[in-house]
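Here is what each chain is made of, one letter per residue.
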Amino acid sequence: MTNANKGPSTYSLQHTLPRLPVPSLEQTCALYLQSLLPLQSDDEHAASKAKVLDFVASDLGKALQQRLIDIERNSPFNWLEDNFWIRKAYLEWREPLMVNSNYYILGKDDDHQPADLVNGLPFGQFSQFQLRRAATLIFWALDYKEILERGDLPVEMMRSTPICMWQYSRIFGITRIPMPHCDTLVQPEQATLTHVVIMACDQVYALQVYRDVDGMRHRLSIDEIEAELISIVHHASARTDAQSAIPLLTSWHRDRWTEARTHLLALDPVHNRASLSAIENSLFAVSLDDYTHGPASTERSRAGFCGNLGIGAGHNRWFDKCFTFVVENNGKAVLVGEHSPIDALTVSYMWDHALGHSVLHGQALKQGDPRPEWLSAARVLEPAAPSASPRTLSTFVHHVKWTTNATTMEYLKQAQKDANATEKRSDSHVLHHLDYGTDWVKRVGKVPPDAYFQMILQLAFYRAHGTVTATYETASTRKYLHGRTETIRTCSVDSKRFVEAFDRKDVSEKEKYALLAQATSSHRKYTQIASDGYGCDRHLLALRILNSDQPALGGNGTAPMHPMFQDPIFAASQTWKLSTSGLQPGEQLMGTGFGATYKDGYGINYMAGRTVVKFGIETKTDEESLTAAQFAQAISGALNDMRALCEQVNGQEKPSTVRL
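Residues numbered from 1 in each chain as written. Predicted model: local features only at pLDDT ≥ 70, side-chain atom pairs only at ≥ 80, totals over all residues. Heavy atoms only, no water.

Observations regarding the overall build of the protein
Turning to step 1, where the next piece is worked out: Helix and strand counts for the protein stand at 21 helices and 22 strands.
Turning to step 2, where the next piece is worked out: Here the protein has a C-alpha radius of gyration of 26 Å; the compact-globule value for 660 residues is 26 Å, and the two agree.
Turning to step 3, where the next piece is worked out: The principal-axis extents of the C-alpha atoms in the protein amount to approximately 75 × 75 × 55 Å.
Turning to step 4, where the next piece is worked out: The buried share of the protein, reckoned over its 660 residues, is 59%.
Turning to step 5, where the next piece is worked out: In the protein, 76% of the contacts between residues at least 6 apart in sequence involve partners at least 24 apart.
Turning to step 6, where the next piece is worked out: Across the protein, the centroid of the 66 positively charged side chains sits 3 Å from that of the 74 negatively charged ones. (Helix = DSSP H or I, 4+ residues; strand = E, 2+ residues; numbered from the N terminus. Rg over C-alpha atoms; globule rule 2.2 N^0.38 Å. Buried < 20%, exposed > 50% of the residue type's maximum accessible area, 1.4 Å probe, protein only. Contact = heavy atoms within 4.5 Å. Lys, Arg positive; Asp, Glu negative; His and termini not counted. Charge placed at Lys NZ, Arg CZ, Asp CG, Glu CD.)

So, in structure tokens, the structure goes:
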């Protein structure tokens, strides 16, 4: 099969991909021991090494390894994803998705953003430009879905080797469902899905975005989608047959949301099931906020993390949906993503596609032509007066309704209290460093760009806290079938030597640069190991899980957990106080972020472009970590000082060499 570009169709090379390997015990444990060195004293390391070597040589270690190999042989696609990763990393985690698991990606302003709308409108108002923009984003997201359905998205290549495209099949129509102890994912057959969910004023609407013509599905036009959105916000703002704020419950602790959802289904198995299914079986969600958090990227990150704060924390979102377009009343947009079914990088390409089409795409306004009234000014949609008689919605729109009782109201009260606490604890900041990007790092820094920016974060943390810390960075394993990620353990002996020497007066600039070069070289080597599927973290995770129910020799109960897994450094080396990940540079993406993994740490997502680097930072307000803005200052200082070091050693580039 080929696509419209005459290359292989999107999923046609999946059968050629190799399977994720199971590393050897010796290989994994050697890498693990190496990663412990910067975090331990010599005596501590010697004690840990003895436990690790005992595990490698033990009958238990060998039995667990062989058991894992058998699991790999019987896994349909990937021993890690099929059996361990998605469950342990995401679905069993019980903390609220809001802030803790969901991520955001800020979209650029539309090319025709009305200047008088930038600061937004008062709470309670919608703008017509906002709805035009939302309609445009919906239309082009559906276009991307159809590209995937036709197989016209080119297969991504790593050099000349194809990489796994499976995640693209999980962008649309997938929803996380709360369940006791471990959530699940549902994704109906995409060919059957024809609607998106619209949220406005905490009201939920199912909007059909396709019509049937002679047995063929036809996407609604932007004008048609916009007209339906106008009717929806009039209906919602008039509080016509207003329903309880059930979306708020999705911001809650997963076990509490499970309890509340089960209660809804028991209370009215027919109607509440139909309402939940309307949301869970939708292609994606769109939140229209009658509010704006502000024009700045940092302010907008709050819309991504915490919901419509005009109503309250956690409102006007369905955090379980794979992705949601949030469009505030100033017309600015942010994507909110649920992390478990798919990595943010894949979703970002769809978001890029939607953002790449302005509200006037394909319309050439000539001088003297009348401008659409929604483009001429910040035209406010006047809220409809409350009315006892229902406002009319078209046959394309269904108002989702709920059967509730006093218990439901108590759940909502408790969920609001907890959402307020989660929002209050979360502190976020977006840093745009405009002085240089990857081009300069390559030409003047003369080191690998990603490794360079990881050393920036290492230096910023060391300066802020006077020590190094276990650091997580995402490596992609998509060279394998259904591959997702492996951990790059950024903190190394070489990175520690570099940050400890950087501010010392008795170390020359050339020595410091040599330490930087060595640290980035070590990081690049680890990155390659992890991307090849031979990192230590996922393998050790599987072995520890298997140890937890491994039968003891002789069949007498369960084998005790091996001392290697009980060694304090095993957990400490995975306490990622720096949890980091890089996203594609996307010129239309203005910032991205996710929550800190540990309460006294930092969640940092960054986009390294050719001439600019964007950092999204999240931390907690009641812990020993710096504020997000303070850590952003530490990053800025490290960016400036490391640039000065590289230019002092390698020389400044001549103006004629700068690429515009």
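A word on the packing of helix α2 (residues 42–57) against helix α3 (residues 59–74)
Turning to step 1, where the next piece is worked out: Two numbers describe how α2 lies on α3: the axes approach to 4 Å, and their chain directions differ by 60°. One way to sum up the angle between α2 and α3 is to call them oblique. Across the interface between the two elements, Phe55, Val56 and Ala57 of α2 pack against Asp59, Gly61, Lys62 and Leu64 of α3.
Turning to step 2, where the next piece is worked out: Among the residues forming the contact of α2 with α3, the class breakdown is 4 nonpolar, 1 polar and 2 charged. (Axes fitted to C-alpha atoms, helices over the stretch in contact; angles between N-to-C directions. Parallel < 35°, antiparallel > 145°, perpendicular 65-115°, else oblique. Nonpolar A, V, L, I, M, F, W, Y, C, P; charged D, E, K, R; others polar.)

So, the sheet that holds strand β20 (residues 589–594)
Turning to step 1, where the next piece is worked out: Strands sit in the order β15-β8-β7-β11-β12-β13-β1-β20 across an open sheet of 8 strands; the sheet is mixed. The sheet is open, and its two edges are formed by β15 (397–400) and β20, each paired on a single side. Looking at each pair of strands side by side, their axes are set apart by 20° on average, direction ignored.
Turning to step 2, where the next piece is worked out: Note that strand β12 (residues 323–327) and strand β13 (residues 333–337) share 5 bridges and pair antiparallel. Residue pairing for β13: phenylalanine 325 is matched across the bridge by leucine 335.
Turning to step 3, where the next piece is worked out: In the packing of helix α7 (residues 222–237) onto the sheet, contacts are made with β7 (195–200), β8 (203–208), β11 (285–288) and β15, and the angle to β8 comes to roughly 160°. (Pairing = 2+ DSSP bridges.)

Notes on helix α21 (residues 628–650)
Turning to step 1, where the next piece is worked out: Look at α21: 32 Å from first C-alpha to last across 23 residues, which is about the 33 Å you get at 1.5 Å a residue.
Turning to step 2, where the next piece is worked out: Residues of α21 that are buried include every one of Ala628, Phe631, Ala632, Ala634, Ile635, Ser636, Ala638, Leu639, Met642, Leu645, Cys646 and Glu647, and no others.
Turning to step 3, where the next piece is worked out: One or two residues past the end of α21 sits glycine 651, with phi positive at roughly 90°. (Expected span 1.5 Å × (residues − 1).)

Things to note about the environment of alanine 460
Turning to step 1, where the next piece is worked out: Examined against the element boundaries, alanine 460 turns out to sit in helix α15 (residues 449–465).
Turning to step 2, where the next piece is worked out: The class of alanine 460 is buried, set by a relative accessible area of 0%.
Turning to step 3, where the next piece is worked out: On a C-alpha basis, the gap between alanine 460 and methionine 642 in space is 11 Å, while along the polypeptide they are 182 residues apart.
Turning to step 4, where the next piece is worked out: Apart from residues no more than four positions distant in its own chain, alanine 460 is found in contact with Phe631, Ala634, Ile635 and Ala638.

So, the confidence of the model for the protein
Turning to step 1, where the next piece is worked out: With 94% of its residues at a pLDDT of at least 70, the protein reaches an overall mean of 94.
Turning to step 2, where the next piece is worked out: Note that residues 656–660 has pLDDT below 50 and, in this model, 5 contacts with residues that lie over four places away or in other chains. (pLDDT = per-residue confidence, 0-100.)

Things to note about the pairing of strand β19 (residues 578–583)
Turning to step 1, where the next piece is worked out: The buried count for β19 comes to 5 of 6 residues, which makes it a mostly enclosed element.
Turning to step 2, where the next piece is worked out: Bridge count between strand β17 (residues 471–476) and β19: 3 bridges; the pairing is parallel. By the bridge assignment for β19, glutamate 473 is matched with threonine 580.
Turning to step 3, where the next piece is worked out: Here 6 bridges tie β19 to strand β21 (residues 602–608), and the two strands are oriented parallel to one another. Residue pairing across strands places leucine 583 opposite methionine 607, the latter belonging to β21.

Re the pairing of strand β1 (residues 103–107)
Turning to step 1, where the next piece is worked out: Of all 5 residues that make up β1, 5 are buried, and the element is covered over most of its length.
Turning to step 2, where the next piece is worked out: Examined bridge by bridge, β1 and β13 share 4 bridges and lie antiparallel to one another. Along β13, the bridge assignment pairs tyrosine 103 with glycine 337.
Turning to step 3, where the next piece is worked out: Relative to β20, β1 runs antiparallel, the two being bridged by 5 bridges. The partner of glycine 107 across the bridge, within β20, is leucine 589.

Observations concerning the packing of aromatic side chains
Turning to step 1, where the next piece is worked out: Applying the stated criterion across every chain, the model contains 26 aromatic pairs.
Turning to step 2, where the next piece is worked out: Where phenylalanine 284 meets phenylalanine 325, the ring centres are 5.4 Å apart and the plane angle is 50°; that geometry is what we call tilted. In this pair, phenylalanine 284 sits in the loop between α9 (271–280) and β11 while phenylalanine 325 sits in strand β12, placing the two residues 41 residues apart along the sequence. Across this residue pair, the class does not change: phenylalanine 284 and phenylalanine 325 are buried.
Turning to step 3, where the next piece is worked out: Look at tyrosine 472 and tryptophan 576: their rings are 5.6 Å apart centre to centre, the planes differ by 65°, and that puts the pair in the edge-to-face class. Of the two residues, tyrosine 472 sits in strand β17 while tryptophan 576 sits in the loop between α20 (568–572) and β19, which places them 104 residues apart along the sequence. Comparing tyrosine 472 with tryptophan 576 shows no difference in burial state: the two are buried.
Turning to step 4, where the next piece is worked out: Among the aromatic residues, those joined into a cluster by ring pairs are Phe172, Phe284, Phe323, Phe325 and Trp351.
Turning to step 5, where the next piece is worked out: Its end group placed over the ring of tyrosine 210, arginine 217 keeps NZ or CZ at 4.8 Å from the ring centre. (Phe/Tyr/Trp six-rings, centres within 6.5 Å; stacked < 30°, edge-to-face > 60°. Lys NZ or Arg CZ within 6 Å of the ring centre and 35° of its normal.)

Quick word on the side chain of glutamate 72
Turning to step 1, where the next piece is worked out: Here glutamate 72 is to be found in helix α3.
Turning to step 2, where the next piece is worked out: In this structure glutamate 72 touches Arg19, Leu20, Val22 and Trp79, once residues within four positions along its chain are discounted.

Describing the state of the cysteines
Turning to step 1, where the next piece is worked out: A complete count under the given rule lists 0 disulfides for this structure.
Turning to step 2, where the next piece is worked out: Cysteine cysteine 29 is unpaired, with the sulfur of cysteine 536 as its nearest cysteine sulfur at 8.7 Å.
Turning to step 3, where the next piece is worked out: Take cysteine 29: its relative accessible area is 3%, and that puts it in the buried class.
Turning to step 4, where the next piece is worked out: Cysteine 322 provides the cysteine sulfur closest to cysteine 164, a residue in no disulfide bond, and the two sulfurs are 15 Å apart.
Turning to step 5, where the next piece is worked out: Under the relative-accessibility criterion, cysteine 164 is labelled buried at 2%. (Disulfide = S-S within 2.5 Å.)

As for the nonpolar core
Turning to step 1, where the next piece is worked out: Residues Ile198, Leu229, Phe284, Leu288, Phe325, Met350 and Trp351 are the most contacted members of the largest nonpolar core, which totals 62 residues.
Turning to step 2, where the next piece is worked out: Among the elements that line this core, the one with the most residues is helix α6 (residues 128–150), at 12 residues.
Turning to step 3, where the next piece is worked out: Beyond its immediate stretch of four places on either side in the chain, tryptophan 351 contacts Ile105, Leu106, Gly107, Leu137, Phe325, Ala333, Val334, Leu335 and Leu589.
Turning to step 4, where the next piece is worked out: Counting residues in hydrophobic clusters, the runner-up holds 40 residues, among them Tyr452, Leu516, Ala628 and Phe631. (Core = buried A, V, L, I, M, F, W, Y, C linked by side-chain atoms within 4.5 Å.)

A short note on the sheet that holds β19
Turning to step 1, where the next piece is worked out: Taken in spatial order, the 6 strands of this open sheet run β16-β22-β21-β19-β17-β18, and their pairing is mixed. Only two strands of the sheet have a single partner each, and these edge strands are β16 (426–433) and β18 (485–489). In this sheet, adjacent strand axes meet at a mean angle of 25° when their direction is disregarded.
Turning to step 2, where the next piece is worked out: Pairing geometry for β17 and β18, over 5 bridges, is antiparallel. When the bridges of β18 are listed, alanine 475 appears paired with glutamate 486.

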